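Examination of the molecular architecture
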Amino acid sequence: MKSDWEVDLAELLNDLSSVQDELLGVLSDKRDRMAAGDLQSMSEMAAREEQLCERLKACHDRRGQLLQRAGEQGLPHDSIGELASALPKNSAGKLGKRVKEASSRMRLLQHQSLTNWVLAQRTLLHLSQMLEIIATGGQLQPTYGRGESGHSRGALVDREA
């Protein structure tokens, strides 16, 4: 018969795995939509992202409760991996492997999130440079000098006809 710890940890890892897999899919979709410039469908993804964040937070809260309960019972309570390894050998091996897989997926999620962040930052930089080109009429501004240059106004913004 399975112990309560084994059941509780297995349920947590099942839920966490499900959320992580869905979140990987969302991040991939979001990256594709950012690359395509599809702002409408990106904004439509916000509700799904929020829901997944709530589910991930619920997993985090359950993790904290399990570790607190483990500490109260004198079991290892620094991490889920340590708690899983304290279970009987047949359970510890299976759960330990699943904990490592969840940890690996979390690292992958961090990389995917960073990739999306970099893509968004590069897009903002590009747009900023485009606005500067439009505002200055494509003329480079001198780094130093006296007085106002004859080319200090944007051709599209300020030029008097």
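Quick note: structure is the one above.
Let me begin by describing the structure that accompanies this report. (Residues numbered from 1 in each chain as written. Predicted model: local features only at pLDDT ≥ 70, side-chain atom pairs only at ≥ 80, totals over all residues. Heavy atoms only, no water.)

Where empty space is left in the structure can be found by rolling a water-sized probe over the atoms. In this structure, the largest pocket spans a volume of roughly 330 Å³. Each residue belonging to the lining of the largest pocket can be placed in one class, and the counts come to 9 nonpolar, 5 polar and 1 charged. Considering only enclosed or pocket space, the second largest pocket measures out at about 210 Å³ in volume. In terms of lining, the second largest pocket is formed by 13 residues, of which the most central are Leu23, Leu27, Glu49, Cys53 and Ser113. Looking at the lining of the second largest pocket, the elements that each hand over two or more residues are helix H1 (4-36), helix H3 (46-72) and helix H5 (89-136). Residue composition of the lining of the second largest pocket, grouped by class: 9 nonpolar, 2 polar and 2 charged. (1 Å grid on protein atoms, 1.4 Å probe; cavity = no way out; pocket = protein on both sides within 12 Å on 5 of 7 lines; lining within 4 Å. Points joined across faces, edges and corners; volume = space filled by probe spheres on them. Nonpolar A, V, L, I, M, F, W, Y, C, P; charged D, E, K, R; others polar. Helix = DSSP H or I, 4+ residues; strand = E, 2+ residues; numbered from the N terminus.)

If you check H3, its first and last C-alpha atoms are 39 Å apart, about what 27 residues at 1.5 Å a residue would give, namely 39 Å. Residues Glu49, Leu52, Cys59, Leu66, Leu67 and Ala70 constitute the buried set of H3. Against the buried residues of H3 lie H1 and helix H4 (80-85). With its phi angle positive at about 80°, Gly74 sits one or two positions after the end of H3. (Expected span 1.5 Å × (residues − 1). Buried < 20%, exposed > 50% of the residue type's maximum accessible area, 1.4 Å probe, protein only. Contact = heavy atoms within 4.5 Å.)

Another point: the packing of H1 against H5. The interhelical angle for the contact between H1 and H5, taken along N-to-C directions, is 20°, at an axis separation of 9 Å. On the basis of the axis angle, H1 is roughly parallel to H5. Crossing geometry of H1 relative to H5 is assigned as left-handed. In the contact of H1 with H5, the residues fall into 17 nonpolar, 8 polar and 6 charged. (Axes fitted to C-alpha atoms, helices over the stretch in contact; angles between N-to-C directions. Parallel < 35°, antiparallel > 145°, perpendicular 65-115°, else oblique. Left-handed = near helix turned anticlockwise from the far one by under 90°.)

Following the sequence through the fold, Gln40 ends up in helix H2 (residues 39-44). Note on Gln40: relative accessible area 53%, which makes it exposed. Within the structure, the side chain of Gln40 is placed 3.0 Å from the side chain of Glu44, a separation counted as a polar contact. (Polar contact = N/O pair within 3.5 Å; in protein donor to acceptor, adjacent residues only side chain to side chain.)

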